Amino acid sequence: MTIAMMIETFGYIGSTLVVVSMLMSSVVKLRIINTIGSTISGIYALIIGSFPLALMNGCLIAINLYNLFKLLKSKQQYDLIDVKSNDAYLDYFITRYKQDIQIYFPDFKMDTAVVDQAYIICCNGNSAGILLGKQDSNDTIDILLDYSTPTYRDCSIGAYLYAKLLEKGIKKLIFKQNLSEVHKTYLNKMGFVKEGNLYIKMLNKKI
């Protein structure tokens, strides 16, 4: 590969990252990927001598960094709401995100006769996720659904939720159902331990 081809490929990588960033549902991820893509595109523009393109990418980098600073500086305010399994808003939430839920929890089916633990997590007043489960004992919940909307899909919701459940006397969480590989990765990050076909987390342990 010649140097010219390598430079051209470098430019394509930057442009691709900028486009891919626009597909991100998470605003933070969008800003980060866009900044990386803009940086690469800006360097490419300087190499080929396209100063207007370099200036544009420089402005994009500055805008992204400014907004990232604002996003990371602002504190997320979470609230946990106890609801009944037949709650109308809970039903609306599940219906609203049904297709996305099926991607991460392919076997999930809402059964109000089974669910006796239902929580909605809100972030700054917006519904960000839900947890549905069945309490096996005084301190154990079999989780049927632990879902976060795309906008709030990071570990902060889980950390908040598990801390609040511990305050309620819950010490053990168990996943028994079939899960997507993506959600399995999330569970590993959150401190769940695989035991056979189960994923188990003791809430008296730090994440």
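Residues numbered from 1 in each chain as written. Predicted model: local features only at pLDDT ≥ 70, side-chain atom pairs only at ≥ 80, totals over all residues. Heavy atoms only, no water.

Draft legend 1. Expanded view of the overall build of the protein. The helix and strand inventory of the protein stands at seven helices and seven strands. When the helices and strands of the protein are listed from N to C terminus, the series reads α-α-α-β-α-α-β-β-β-α-β-α-β-β. Structurally, the protein occupies a C-alpha span of about 70 × 35 × 35 Å along its principal axes. Across the 207 residues of the protein, 39% fall into the buried class. Taking as baseline every contact in the protein between residues at least 6 positions apart, the subset at least 24 positions apart corresponds to 62%. Looking at the protein as shown, the accessible area adds up to about 12100 Å², and 61% of this sits on carbon and sulfur atoms. Averaging the locations of the 22 positively and 17 negatively charged side chains of the protein gives two centres separated by 6 Å. (Helix = DSSP H or I, 4+ residues; strand = E, 2+ residues; numbered from the N terminus. Buried < 20%, exposed > 50% of the residue type's maximum accessible area, 1.4 Å probe, protein only. Contact = heavy atoms within 4.5 Å. Areas by Shrake-Rupley, 256 points an atom, 1.4 Å probe, with all protein chains shown as cover. Lys, Arg positive; Asp, Glu negative; His and termini not counted. Charge placed at Lys NZ, Arg CZ, Asp CG, Glu CD.)

Draft legend 2. The sheet that holds strand β6 (residues 193-195), seen in detail. Taken in spatial order, the seven strands make up an open sheet running β1-β2-β3-β4-β5-β7-β6, and their pairing is mixed. Looking at the sheet topology across the chains shown, the edges are occupied by β1 (78-82) and β6. For this sheet the average axis-to-axis angle between neighbouring strands, irrespective of direction, equals 30°. Examined bridge by bridge, β1 and strand β2 (residues 117-123) share five bridges and lie antiparallel to one another. Bridged to Asp79 within β2 is Cys122. Helix α7 (residues 181-189) rests against β4 (140-148), β5 (172-175) and β7 (198-202) of the sheet, and its axis sits at about 25° to β7. (Pairing = 2+ DSSP bridges. Axes fitted to C-alpha atoms, helices over the stretch in contact; angles between N-to-C directions.)

Draft legend 3. Quick look at the environment of Tyr152. With respect to the secondary-structure elements, Tyr152 resides in the loop between β4 and α6 (155-167). Residue Tyr152 is classed as buried on the basis of its relative accessible area, which comes to 15%. Separated by 29 residues in the primary sequence, Tyr152 and Cys123 place their C-alpha atoms 8.2 Å from one another. The contact partners of Tyr152, leaving out residues within four places of it in the chain, are Cys123, Asn126, Ser127, Ala128 and Ile157.

Draft legend 4. Looking closely at a nonpolar patch on the surface. A cluster of nonpolar side chains, contributed by Met1, Met5 and Met6, occupies part of the molecular surface with about 370 Å² of accessible area. Mapped onto the secondary structure, Met1 falls in the segment before α1 (3-21). Owing to a relative accessible area of 71%, Met1 belongs among the exposed residues under this scheme. (Patch = residues over 30% accessible without salt bridge, like charges linked within 9 Å, V, L, I, M, F, W, Y side chains within 5 Å. Salt bridge = Lys/Arg side-chain N within 4 Å of Asp/Glu carboxyl O.)

Draft legend 5. Broad picture of the pattern of salt bridges. For the coordinates displayed, the defined rule picks out five salt bridges. Here Lys176 ties to Asp136 by a salt bridge, and the two come within 3.9 Å at their closest N and O atoms. Of this pair, Lys176 sits in the loop between β5 and α7 while Asp136 sits in strand β3 (residues 126-137), and the two are 40 residues apart along the sequence. Classification of Lys176 by relative accessible area gives partly exposed; the value is 48%. Relative accessible area serves as the criterion here: at 44%, Asp136 is assigned to the partly exposed category. Among the ionic pairs, Glu181 bridges to Lys184, the shortest N-O distance being 3.3 Å. Taken together, the residues Glu181 and Lys184, both in helix α7 and three residues apart, mark about one turn of the helix. Among the charged side chains, a network of salt bridges with common partners joins Asp136, Asp142 and Lys176.

Draft legend 6. Summary view of the layout of surface pockets. By volume, the largest pocket amounts to about 540 Å³. What lines the largest pocket is a set of 23 residues, among which Lys29, Arg153, Asp154, Val182 and Tyr186 lie closest to the centre. Every element with two or more residues in the lining of the largest pocket is listed here: β4, α6 and α7. Here the residues of the lining of the largest pocket are counted per class, giving 11 nonpolar, seven polar and five charged. Its volume calculated, the second largest pocket comes out at about 410 Å³. Lining the second largest pocket are 15 residues, and of these Val28, Leu71, Gln76, Thr151 and Asp154 lie nearest its centre. Only α2 (27-48) and α3 (51-73) provide two or more residues apiece to the lining of the second largest pocket. Here the element with the most residues in the lining of the second largest pocket is α2; it accounts for three residues. Taken together, the residues of the lining of the second largest pocket break down into six nonpolar, six polar and three charged. (1 Å grid on protein atoms, 1.4 Å probe; cavity = no way out; pocket = protein on both sides within 12 Å on 5 of 7 lines; lining within 4 Å. Points joined across faces, edges and corners; volume = space filled by probe spheres on them. Nonpolar A, V, L, I, M, F, W, Y, C, P; charged D, E, K, R; others polar.)

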